[in-house]
Amino acid sequence: MPDLLVTGGAGFIGINLVRWWLDRHQDDRVVVLDSLTYAGNRHSLDAVMDDGRLEFVHGDIRNTSLVEELLRDRDLDTIVHLAAESHVDRSIEGPDEFIDTNVVGTHSLLKAARAAWQDQDGSWRRHRFHHVSTDEVYGSLGSDDPAFHEGTRYAPNSPYSASKAASDHLVRAYHHTFGLEVTTTNCSNNYGPYQFPEKLIPLMILNILHGKPLPVYGDGMNIRDWLFVDDHCLGIELALLKGIPGETYCIGGNNERTNIDIVRMLCSMLQDRVVGDETLRARFPECPASRGESIEGLITFVTDRPGHDLRYAIDAGKASNDLGYEPSENFESGFRKTVDWYLSNEPWWSKVMDGSYRDWLETNYESR
Ligand code: NAD
Ligand code: TDX
């Protein structure tokens, strides 16, 4: 069975994947490599840290010799590469970090993998490099266009998606030229526990609870295909266990919704929850529902994101046929689980947002 290096394992999808993997693969070890940017939170792994099979390394994927050393010393045969700068709006404000981490960082990781896994005579040890990418590399769909699939032409529109597209091409090139055994998954918008509250769903949940405006970009009619994070973890697991080196797999949730529908759905769900729960009304006095007012009144249409892609949708037919992938979470249940998680985990999001984890880290971890 594989022993994994999970890059970006202290981020949203990484935390969920580490938990998913350790639960289902009793004989495997997992090493998390994460540089703990604003989006990384080592404490999110606390619940699984006692498991002797998990090790956390505070370090950067751009440190090629560190990665090579980890792969050799820990005898790791699989990389699941999640580490990235992941927020589109930040890539518009400042693209440099996206090129450094997503492009240069991925290349650094590929070099380390090759150095550790390829012998002097050119032969390879057993290995797999799995690259986690996004549907955004395919650009934007019109309302009636067929969904993205593995053969869709790349047409990235933001500095974020362009940096992810570049990383996909580097991964492909290392397979084609050097024989590195790679698989890539391109997935749609994830949601679920531990997502940093800058992304649409957690941002809206927390703004609702605190009675802050709900900023909807443009007319709110942009469409995303929402994927519950556990279904994404299943897709990654299947690609690792059954995927063919050199292949890419599109992973989606079969849940296309407009942004305004998502926001209204969260308003309605939390309206019912807060009105019907005295404890929530006491915890969140600034939420309009705590004063008997409508949460929807917080919806505020704001200037659109520059270059805002209209629609993403995934055709996961290949993953379904070749890997047996089927998303299991339906939209309503996934949303309910997510809202429940944020209501039950205030210590997590309040610390993430006020940066107190970061202060703690600076005094407790040496950077590599
Ligand atoms: P995230 O921003 O929540 O987490 C990223 C993690 O990477 C953080 O823990 C951060 O500290 C770490 N990191 C950043 N730079 C690093 C570096 N140089 N070295 C080591 N670690 C570093 O991101 P996420 O939402 O968990 O996304 C994970 C991956 O999945 C990304 O590659 C992203 O492009 C891709 N993806 C995400 C979504 C989504 O909806 N969230 C959808 C499709 C694809
Ligand atoms: O405040 C907001 N208001 C708003 O209307 C925010 C933060 C977002 N939006 C819109 C923009 C998008 O149409 O909601 C949609 C979702 O936005 P994000 O959560 O920022 O996600 P998106 O830009 O679609 O990208 C996400 O999915 C693909 C992830 O952040 C990427 O990492 C992933 O590759």
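The structure this text deals with has already been given above.
Note that the structure is predicted; figures quoted are calculated from it, not measured. (Residues numbered from 1 in each chain as written. Chains lettered and ligands numbered in written order. Predicted model: local features only at pLDDT ≥ 70, side-chain atom pairs only at ≥ 80, totals over all residues. Heavy atoms only, no water.)

Asker: Help me out: how do you make sense of the layout of surface pockets in this one?
Answerer: To locate leftover empty space, one rolls a probe as large as a water molecule over the atoms. Of the volumes computed, that of the second largest pocket is approximately 270 Å³. Mapped by element, the contributors of at least two residues to the lining of the second largest pocket are α6 (159-178) and β6 (182-187). Residue classes in the lining of the second largest pocket are distributed as 4 nonpolar, 6 polar and 3 charged. (1 Å grid on protein atoms, 1.4 Å probe; cavity = no way out; pocket = protein on both sides within 12 Å on 5 of 7 lines; lining within 4 Å. Points joined across faces, edges and corners; volume = space filled by probe spheres on them. Helix = DSSP H or I, 4+ residues; strand = E, 2+ residues; numbered from the N terminus. Nonpolar A, V, L, I, M, F, W, Y, C, P; charged D, E, K, R; others polar.)

Asker: How do you make sense of the site of ligand 1 when you look at a structure like this?
Answerer: Close to ligand 1 lie 29 residues; Ile 13, Asp 34, Ser 86, Tyr 160 and Lys 164 are nearest. Within the side chain of Lys 164, an N or O atom sits 2.6 Å from an oxygen atom of ligand 1. Note that an oxygen atom of ligand 1 is positioned 2.8 Å from one of the backbone N or O atoms of Asn 190. Considered on its own, ligand 1 offers 840 Å² of accessible surface; in the complex 97% of this is hidden by protein. Among the secondary structure elements, those contributing two or more residues to the shell around ligand 1 are α1 (12-24), β5 (128-134) and α6. The dominant element in the shell around ligand 1, judged by the number of residues it contributes, is β5, at 3 residues. Here the shell around ligand 1 is built from residues that sort into 12 nonpolar, 13 polar and 4 charged. (Near = heavy atom within 4 Å. Polar contact = N/O pair within 3.5 Å; in protein donor to acceptor, adjacent residues only side chain to side chain. Areas by Shrake-Rupley, 256 points an atom, 1.4 Å probe, with all protein chains shown as cover.)

Asker: Teacher, can you tell me more about the pairing of β5 here?
Answerer: Each regular strand displays side chains that alternate between the two surfaces of the sheet. Within β5, 7 of the 7 residues are buried, leaving the element largely enclosed by the surrounding structure. Side chains of β5 alternate between two faces, with Arg 128, His 130, Val 132 and Thr 134 and Phe 129, His 131 and Ser 133 buried alike. Bridge count between strand β4 (residues 78-81) and β5: 4 bridges; the pairing is parallel. In the sheet register, Thr 78 faces β5, and the bridge partner there is Arg 128. Where β5 and β6 come together, 6 bridges link them in parallel fashion. Note that in β6 the partner of Ser 133 across the bridge is Asn 186. Running through α6, the crossover from β5 to the neighbouring parallel element β6 is right-handed. (Buried < 20%, exposed > 50% of the residue type's maximum accessible area, 1.4 Å probe, protein only. Pairing = 2+ DSSP bridges. Right-handed = clockwise from strand over helix to strand, strands pointing away.)

Asker: Would you mind showing me how to read empty space enclosed by the protein here?
Answerer: By the definition in use, this model includes 2 cavities of 30 Å³ or more. Approximately 60 Å³ is the volume attributed to the second largest cavity. Surrounding the second largest cavity, Val 88, Ile 92, Glu 136, Asn 157, Ser 158, Arg 224, Arg 305, Pro 306, Gly 307, His 308, Asp 309 and Tyr 312 form its lining. The class makeup of the residues in the lining of the second largest cavity is 4 nonpolar, 4 polar and 4 charged.

Asker: Explanation requested: the pattern of salt bridges in the structure shown.
Answerer: Two side chains carrying opposite charge are able to pair once their charged atoms lie near each other. Within this structure, the stated rule accounts for 19 salt bridges. Among the salt bridges present, the one from Asp 60 reaches Arg 62, with a minimum N-O distance of 2.9 Å. Assessed through its relative accessible area of 32%, Arg 62 is described here as partly exposed. Linked by salt bridges that have partners in common, Asp 60, Arg 62 and Glu 97 make up one network. (Salt bridge = Lys/Arg side-chain N within 4 Å of Asp/Glu carboxyl O.)

Asker: I'm lost on the sheet that holds strand β2 (residues 30-34) in this one. Help?
Answerer: Strand-to-strand pairing in sheets goes through backbone hydrogen bonds, with the strands running parallel or antiparallel. As summarised here, the arrangement of the 7 strands in space is β3-β2-β1-β4-β5-β6-β11, forming an open sheet in which the pairing is parallel. The sheet is open, and its two edges are formed by β3 (54-58) and β11 (248-251), each paired on a single side. Recorded for the sheet is a direction-independent mean angle of 20° between the axes of neighbouring strands. Inspection of the sheet shows β6 paired to β11 by 4 bridges, in the parallel sense. Residue pairing across strands places Cys 187 opposite Ile 251, the latter belonging to β11. (Axes fitted to C-alpha atoms, helices over the stretch in contact; angles between N-to-C directions.)

Asker: Quick question: what am I supposed to make of the side chain of Thr 78 here?
Answerer: Of note, Thr 78 is situated in strand β4. A polar contact of 2.9 Å, which involves the side chain of Thr 78, links it to the side chain of Asp 77. Once you skip the residues sitting within four places of it in the chain, Thr 78 turns out to touch Pro 2, Asp 3, Leu 4, Leu 5, Trp 117, Arg 128 and Leu 240. (Contact = heavy atoms within 4.5 Å.)

Asker: Teacher, can you tell me more about the packing of helix α9 (residues 259-275) against helix α12 (residues 331-344) here?
Answerer: When two helices pack together, their arrangement is captured by the angle between the axes and the distance separating the axes. One can describe the packing of α9 onto α12 by two numbers: an axis separation of 11 Å at closest approach and a directional angle of 60°. One element, α9, and the other, α12, form an angle in the oblique class. In the crossing of α9 with α12, the sense of the turn from one axis to the other is right-handed. Facing α9, whose interface residues are Ile 262, Met 265, Leu 266, Met 269, Leu 270 and Arg 273, α12 presents Phe 331, Glu 332, Phe 335, Arg 336, Val 339, Asp 340 and Leu 343. (Parallel < 35°, antiparallel > 145°, perpendicular 65-115°, else oblique. Left-handed = near helix turned anticlockwise from the far one by under 90°.)

Asker: What is the right way to look at helix α3 (residues 64-73) in this model?
Answerer: Helical periodicity: at 3.6 residues per turn, an α-helix aligns residues three or four positions apart in one direction. Within α3 the residues assigned to the buried category are Leu 66, Val 67, Leu 70 and Leu 71. The arc that holds the buried residues of α3, viewed along the axis, is 130°, so those residues lie on one side. Of the residues in α3, the exposed ones pointing more than 90 degrees away from the buried face are Ser 65 and Asp 73. Looking at the buried residues of α3, the elements they touch are β1 (4-7), β2, β3, β4 and α5 (96-117). Positive phi appears at Asp 75, one or two residues downstream of α3, with a value of about 55°. (Arc of directions from axis to C-beta.)

Asker: How should I be thinking about the site of ligand 2 in this particular structure?
Answerer: Around ligand 2, the surrounding shell holds 20 residues, and the nearest of these are Ser 86, Glu 136, Tyr 160, Arg 305 and His 308. For ligand 2, an oxygen atom lies 2.7 Å from a polar atom in the backbone of Ser 86. Within the side chain of Tyr 160, a nitrogen or oxygen atom sits 2.5 Å from an oxygen atom of ligand 2. Isolated, ligand 2 exposes 650 Å² of accessible area, and the fraction of that covered by the protein chains is 93%. Breaking the shell around ligand 2 down by element, the ones donating at least two residues are α7 (200-210) and β8 (214-217).

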